[in-house]
Amino acid sequence: MEKPIKIIHYLNQFFGGIGGEEKADAPPAYRSGPVGPGVALARHLGDNGSIVGTVICGDNYFIEHEKDALARLMEMAADSGADVLVAGPAFNSGRYGTACGALVQAWRSAGKPGLTAMNVNNPGVELYRNDVYILPTGDTVASMNKALADLANFAIKLAEGREIGPAYDEGYFSTGLRRNLRLPQGAAERAVDMLLAKLAGKPFQSELPVPDFSNVDPAPPATDLANAKVALVTESGLVPFGNPDKLETWNASKWLKYPIAGLDALRQGQYEAWHGGCDTAGTNADPHRAVPLDAARALVKAGVIGSLCDHYYVTTGNMANIKVMERIGREMAEDMKSQGVEAVILTAT
Amino acid sequence: MKLRLESYEVNAITFGVATRLESGVLTISAEEIRRAALFDNSVSDVRVELASPGDRTRIIHVLDALEPRDKVESDRAAFPGFLAPARTVGEGTTRRLKGTALLASAQLPEPTGGILEFNEGIIDMSGPGVDYCACSNTHNIVLLFTARPGVNNQDFESAVRLGSIQASRYLVRAALEGAEPSDVEVLELGAVDSSLPRVAYVDQVQQQGILVQTFLYGQSMESLVPTLLHPNEYFDGAVVSGNYRSMIKAPTWLRLNNPVIRELYARHGKDLNFTGVILCRGHHDDHQLKERNGYMVANLARMLGVQGVVMTLEGTGNTWVDFMQAVKALEQSGIKTVPIVHELGGAEGKDWPIVDYVPEADAIITGGGADRRFTLPAMERVIGGPDLVFSSNEAWGQRQPAGRSMTLTAHEMYAGFWMMQVNGITARDY
C-alpha cells in the first residue's frame with residue numbers, strides 16, 4: 001500500500017554518507033529512499049508516510065555556492081514528487097543548520113510545507129526562524145532519536161494541513177509572530193489561577209514572555225594604559241566607501257574589521273556609515289566621529305596609550321537581534337584577544 | 001464591611017408612560033429620565049434612545065457608561081462625592097438594574113488634542129464587534145446630551161456626568177418601587193482559613209487631566225498617592241471614570257462590575273484570602289514619581305501582609321512605566337505579582353508587543369494584540385450622530401459615516417483593550 005505522505009529529506013555530506021570534513025565541498029547529490037538518519041525518520045513516520053528520496057550537499061559547497069546549490073537541490077527535491085521537505089537535524093553545526101534553513105525557506109517559498117531541527121545556538125535558528133519551522137534539538141547527535149521523532153510528528157501535521165498552534169505548545173522556535181486567539185476563561189480568572197500557581201511554587205507559563213537581558217558587568221579598567229594595545233570598535237556601520245563586504249544597515253548578521261596600520265586619519269569620501277537608525281551625514285563628513293583614529297594616534301604619540309590595534313572593528317547596532325549581537329561581541333573579543341588587545345574604545349551612535 | 005447587593009434583572013427595555021420594572025421588562029418614561037438627566041445649564045438638551053443586545057445598532061460618541069445603582073440608606077448614596085457627600089460606601093443595601101447600562105453620548109463642544117484628546121469608541125450591539133466593546137451585552141439606555149452654545153468642555157463633561165448619575169438614581173428609584181430582587185448577594189470579606197494565601201488587587205487607573213481622568217469619591221485622582229479601598233466601595237461607585245480615551249478606558253460600568261474584584265471575591269475563603277484593593281494612578285510626570293508610586297504600592301501591599309497581587313492597567317504608552325515600576329517594587333518586596341496587560345504589536349503581530357517591561361514581570365496575563373484588524377458589518381441604526389472620527393494612529397482624523405461596514409482595530413472600540421481581556425482574547429508566540 002502506498003503511504004500517504006511523501007517526504008524528501010535533506011542531509012549534509014557527513015550524515016548523507018559521502019564523507020567527513022574532507023568531503024565538505026561535495027556538490028548536491030540525490031539518493032532514492034532514506035539515507036543515514038532517514039532510516040530512523042522513516043520508522044517514526046510509520047504508516048503515515050515514506051521518504052521518497054534524499055538530497056545531500058557538502059557543508060562548504062552549500063555556503064560557497066549557495067545560489068547554485070539551492071537551485072539544484074530544489075530541482076532534485078521537486079523531481080522526487082515529495083509533499084514535505086525535512087532537513088537535518090543539524091544540531092550545533094552552523095554551516096549545516098544554515099543550509100537546512102535556506103533550503104526549507106526556498107521550499108516553502110515554492111508553496112510546499114517543510115521544516116528542520118537544530119540546537120538553539122545554531123546560527124541557522126536566528127537566520128531562518130522567522131520563515132521556517134525549526135524544532136529544537138540537543139547540541140549533539142546524542143539527541144538524534146528524539147529530534148527525528150519530533151520531525152516526523154510535525155511533518156505529518158504539516159502534510160495533513162492541520163492548524164499549527166502556538167510555538168510553546170507545538171515546540172518550534174517562535175517565528176517572531178504573535179497571534180490572537182480566544183480562551184474560554186477571561187483574563188481575571190487566568191490571572192488568579194496563575195497567581196495561585198506562582199504562590200504554590202507550581203509551574204506556570206507567562207502569556208507574554210519578556211526577554212531577560214542579563215546585566216553586562218563592565219570589565220575592570222586597564223591597569224597600565226601607557227603600555228596597553230587599544231582597539232577602536234564601533235557599532236556605527238562605518239565601512240570603506242561602497243560597503244565592499246555588504247554590512248547590513250539594520251539587523252546585522254556580521255562584524256567586520258578594516259586595516260588602519262600606517263594610517264593617521266580616515267579621509268572623507270573613503271569611508272561611509274551604513275546605519276539605518278541614525279543620521280549618517282555627520283559621520284560621512286568626518287569618519288572620525290565614529291572611529292576617532294586621529295585622536296587615538298595623538299594619544300599614542302603623547303604616551304597615554306601604548307599602541308593601537310592594526311584594525312578597527314565594526315558592526316551595525318540598529319534593530320539588532322540580541323543573540324546575534326552577543327555572538328558578534330564574543331567573536332570580536334576573541335579576535336582582539338588573539339592580537340593582544342587589552343583595552344577598547346567603543347563608539348556608539 | 002458588609003454590603004447587601006440586590007440585583008433586579010432586566011431582560012428587555014421599552015419606552016412607556018411610567019418607569020417601572022415588571023417581569024424583567026424595564027419600561028422607561030423618556031420624559032422623566034430626560035428631566036433627571038437635564039441637570040445643569042451647560043446642557044441644552046437630552047434625548048433618550050434604547051438599544052438591546054442583538055440589535056443591528058451602533059452607538060458612538062459614548063463618554064461614560066454606568067450601571068444604574070442606588071443605595072437604600074438615606075444618608076448614603078451610590079457614586080459618593082457627586083450629588084451626595086463623600087461618605088464611605090460599601091455597606092448597607094444597594095439596588096442595581098442588572099443587565100442594563102446607562103450610556104452618555106455627546107459631542108464635546110470644544111476641540112480636543114494631545115494627551116487630553118477625546119478618542120472615539122464604538123459600541124456594536126451585534127456582529128463581531130461585540131467581543132471588542134463594553135455594553136454590547138446589556139440593555140442600554142443612551143442619554144444623548146447636547147451642549148449649550150459657548151459652554152466649555154470641562155463644564156459640559158461635568159454636567160454630563162452629574163446628569164447621568166441623577167438619571168441612574170431616578171431609574172432605580174422609579175423602576176423598583178415595590179419590586180422584588182431577582183438575586184441578593186451579601187458581600188463581605190469574612191474571616192477565612194488562615195493558611196490561605198493573602199491576595200490583593202492593584203488597580204492602576206488613568207489620570208492625565210480633564211477628559212482623561214478618574215474620580216475617587218467625586219474627586220479627580222490627580223494628586224492621589226496609592227491608597228487602600230475595600231472592594232465593596234467599588235460596588236457602590238466610589239471609583240468613577242471621566243476618561244474619554246474610549247478604547248483604553250475602563251468605564252464606570254466596569255468599575256462597578258470589576259472582573260478581577262469579582263474573581264477574587266468568588267475565590268475568597270476557597271483558594272485565597274482577598275484582603276483589599278490598592279488603588280493608584282498612572283502617567284506620573286517623571287520617572288522619580290513613577291518609581292515612588294511603585295514603592296508606595298508595594299509598601300501598602302506589605303502592610304496588608306499579602307503574598308500575592310493581581311494588577312490591572314488602564315491606559316497605554318507612558319503609563320506602562322508606572323505599572324512596571326509597581327511590578328518591580330512588589331516583586332522585590334517578595335510579593336508574587338501577576339499583571340494583566342494589553343498588547344500592541346502592529347497589525348500583523350510582528351512588532352514588539354508592549355511598551356515597557358521589567359525582568360520581574362515573569363507572570364503576565366495578556367488580552368491580546370489590540371492592533372489586529374477585524375471588520376464590522378454595516379448597521380441599520382446609529383445612535384449618537386451621523387459620523388465618527390477615527391483616532392488610532394494610522395487612520396487618525398479620518399471621518400466617515402458611522403453606519404458603514406469598516407475594517408478597524410480595538411483602538412476604535414469602546415473599552416476595547418479591557419473587553420478583549422474580559423472576553424478571553426489573548427495572544428501567543430507563533
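Bear in mind the structure is a predicted one, so any value in this text is a computation, not a measurement.

### Details of the overall build of chain B
Part 1: What chain B contains, in helices and strands, is eight helices and 28 strands.
Part 2: Taken over C-alpha atoms, the radius of gyration comes to 21 Å for chain B, in line with the 22 Å a tight globule of 430 residues would show.
Part 3: Principal-axis analysis of the C-alpha atoms gives chain B an extent of 60 × 50 × 40 Å.
Part 4: Sorting the 430 residues of chain B into buried and exposed places 56% on the buried side.
Part 5: Pairs at least 24 apart in sequence give 79% of the contacts found in chain B among residues at least 6 apart.

### A word on the overall build of chain A
Part 1: Check the secondary structure of chain A and you find eleven helices and 13 strands.
Part 2: In terms of overall dimensions, chain A has a C-alpha envelope of 85 × 60 × 35 Å along the principal axes.
Part 3: Sorting the 349 residues of chain A into buried and exposed places 40% on the buried side.
Part 4: Here the analysis covers contacts within chain A between residues at least 6 apart in sequence; of these, 74% occur between residues at least 24 apart.

### Some details on the sheet that holds strand E24 (residues 381–383) of chain B
All names here are of chain B.
Part 1: Taken together, the three strands give an open sheet; going across it, the order is E11-E6-E24, and neighbouring strands pair in mixed fashion. Looking at which strands have only one partner, the edges of the open sheet turn out to be strand E11 (123–124) and E24.
Part 2: In this sheet, E11 lies alongside strand E6 (residues 57–59) in antiparallel orientation, the contact comprising two bridges. Considered in E11, the bridge of Ile59 is made with Ile123.

### Brief notes about the interface of chain B and chain A
Reports often express the size of an interface as the amount of accessible area lost when the parts come together.
Part 1: Contact with chain B, which involves 44 residues of that partner, is made by 33 residues of chain A.
Part 2: In the side of chain B that touches chain A, the residues fall into 22 nonpolar, twelve polar and ten charged.
Part 3: Bridge analysis of strand E7 (residues 178–182) of chain A against strand E28 (residues 425–429) of chain B gives five bridges, and the strand direction is antiparallel. Looking at the pairing, Asn180 of chain A lines up with Ala427 of chain B of E28 of chain B.

### Some words on helix H1 (residues 30–37) of chain B
Residues and elements named next belong to chain B.
Part 1: Ile33, Ala36 and Ala37 are the residues of H1 that are buried. Down the axis of H1, the buried side of the element spans an arc of 95 degrees, and every buried residue falls inside it.
Part 2: Elements that come into contact with the buried residues of H1 comprise strand E4 (25–28), strand E5 (43–51), strand E12 (139–147) and helix H2 (153–175).

### Thoughts on the packing of H1 of chain B against H2 of chain B
Residue and element names in this part refer to chain B.
Part 1: Where H1 meets H2, the closest approach of the two axes is 7 Å, and the angle between their N-to-C directions is 140 degrees. The angle between the axes of H1 and H2 places the two elements in the oblique class. Between H1 and H2 lies a crossing whose hand is right-handed. Here Glu32, Ile33, Ala36 and Ala37 of H1 come into contact with H2, specifically with Gly163, Ser164, Gln166, Ala167, Tyr170, Leu171 and Ala174.
Part 2: Looking at the contact of H1 with H2 residue by residue, the class counts come to seven nonpolar, three polar and one charged.

### Some details on the packing of helix H8 (residues 187–199) of chain A against helix H5 (residues 259–267) of chain B
Part 1: It is the contact of H8 of chain A with H5 of chain B, at a shortest axis distance of 8 Å, that shows an interaxial angle of 50 degrees. One element, H8 of chain A, and the other, H5 of chain B, form an angle in the oblique class. Here the hand of the crossing between H8 of chain A and H5 of chain B comes out right-handed. Residues Ala188, Glu189, Ala191 and Val192 of chain A of H8 of chain A touch H5 of chain B, and the partners they reach there are Pro259, Val260, Glu263, Leu264 and Arg267 of chain B.
Part 2: Tallied by class, the residues present in the contact of H8 of chain A with H5 of chain B amount to six nonpolar, no polar and three charged.

### Observations regarding unusual backbone geometry
Part 1: Between Gly88 of chain A and the following residue, Pro89 of chain A, the backbone shows a cis peptide bond with an omega angle of 15 degrees.
Part 2: The backbone of Asn243 of chain A shows a phi angle near 50 degrees, a positive value even though the residue is not glycine.
Part 3: Within the fold, Asn243 of chain A resides in the loop between strand E9 (238–240) and strand E10 (256–259).
Part 4: Positive phi values are uncommon outside glycine, yet Ser23 of chain B reaches one of about 50 degrees.
Part 5: Within the secondary structure, Ser23 of chain B is located in the loop between strand E3 (20–22) and E4.

### Observations regarding the environment of Asn152 of chain B
All names here are of chain B.
Part 1: With respect to the element layout, Asn152 can be found in the loop between E12 and H2.
Part 2: Sequence-wise, Asn152 and Leu108 are 44 residues apart; in three dimensions their C-alpha atoms are separated by 8.3 Å.
Part 3: Residues contacting Asn152, with those up to four places away along its chain left out, are Pro109 and Glu110.

### Considerations on the sheet that holds strand E8 (residues 229–234) of chain A
All names here are of chain A.
Part 1: With respect to topology, four strands assemble into an open sheet ordered E10-E12-E8-E13, the strand pairing being mixed. If you trace the sheet from one side to the other, it starts and ends with E10 and strand E13 (343–347), each paired once. The sheet shows a mean angle of 30 degrees between the axes of neighbouring strands, direction not considered.
Part 2: For E10 and strand E12 (residues 307–314), the ladder comprises four bridges, and the chain directions are antiparallel. Paired with Tyr258 across the two strands is Tyr312, which belongs to E12.

### Focus: the confidence of the model for chain B
Part 1: Per-residue pLDDT for chain B averages 95, and the proportion of residues at 70 or more is 99%.
Part 2: Overall fold confidence for the complex sits at a pTM of 0.83, while the interface term, ipTM, reaches 0.97.

### Points about the nonpolar core
General note: in soluble globular proteins, nonpolar side chains tend to be found buried as a group.
Part 1: Of all hydrophobic cores here, the largest spans 135 residues; its most connected members are Ala191 of chain A together with Leu143 and Val309 of chain B.
Part 2: Once you skip the residues sitting within four places of it in the chain, Ala191 of chain A turns out to touch Val260, Val310, Val338, Ile340 and Ile365 of chain B.

### Observations concerning the pairing of strand E3 (residues 49–57) of chain A
Along any regular strand, the residues point their side chains to alternate faces of the sheet.
Residues and elements named next belong to chain A.
Part 1: Counting buried residues along E3, seven of its nine residues qualify, which places the element largely inside the surrounding structure.
Part 2: Pairing between strand E2 (residues 29–32) and E3: four bridges, direction antiparallel. Directly across from Ala29, in E3, lies its bridge partner Ile56.

### Some thoughts on the environment of Leu11 of chain A
Residues and elements named next belong to chain A.
Part 1: Looking at the element boundaries, Leu11 is found in strand E1 (residues 5–12).
Part 2: Overall, Leu11 belongs to the buried group, with 28 C-beta atoms counted inside 10 Å.
Part 3: As for Leu11 and Leu293, which are separated by 282 residues in sequence, their C-alpha atoms are 47 Å apart.

### A short note on the environment of Gly20 of chain A
All names here are of chain A.
Part 1: Mapped onto the elements of the fold, Gly20 is located in the loop between E1 and E2.
Part 2: C-beta crowding within 10 Å serves as the criterion here: with 8 such atoms nearby, Gly20 is assigned to the exposed category.
Part 3: Along the sequence, Gly20 and Gln268 sit 248 residues apart, while their C-alpha atoms lie 48 Å from each other.

So, how was this worked out
Residues numbered from 1 in each chain as written. Chains lettered and ligands numbered in written order. Predicted model: local features only at pLDDT ≥ 70, side-chain atom pairs only at ≥ 80, totals over all residues. Helix = DSSP H or I, 4+ residues; strand = E, 2+ residues; numbered from the N terminus. Rg over C-alpha atoms; globule rule 2.2 N^0.38 Å. Buried ≥ 20, exposed ≤ 12 C-beta atoms within 10 Å, placed from the backbone. Contact = placed C-beta atoms within 7 Å. Pairing = 2+ DSSP bridges. Nonpolar A, V, L, I, M, F, W, Y, C, P; charged D, E, K, R; others polar. Arc of directions from axis to C-beta. Axes fitted to C-alpha atoms, helices over the stretch in contact; angles between N-to-C directions. Parallel < 35°, antiparallel > 145°, perpendicular 65-115°, else oblique. Left-handed = near helix turned anticlockwise from the far one by under 90°. pLDDT = per-residue confidence, 0-100. Core = buried A, V, L, I, M, F, W, Y, C linked by C-beta atoms within 7 Å.

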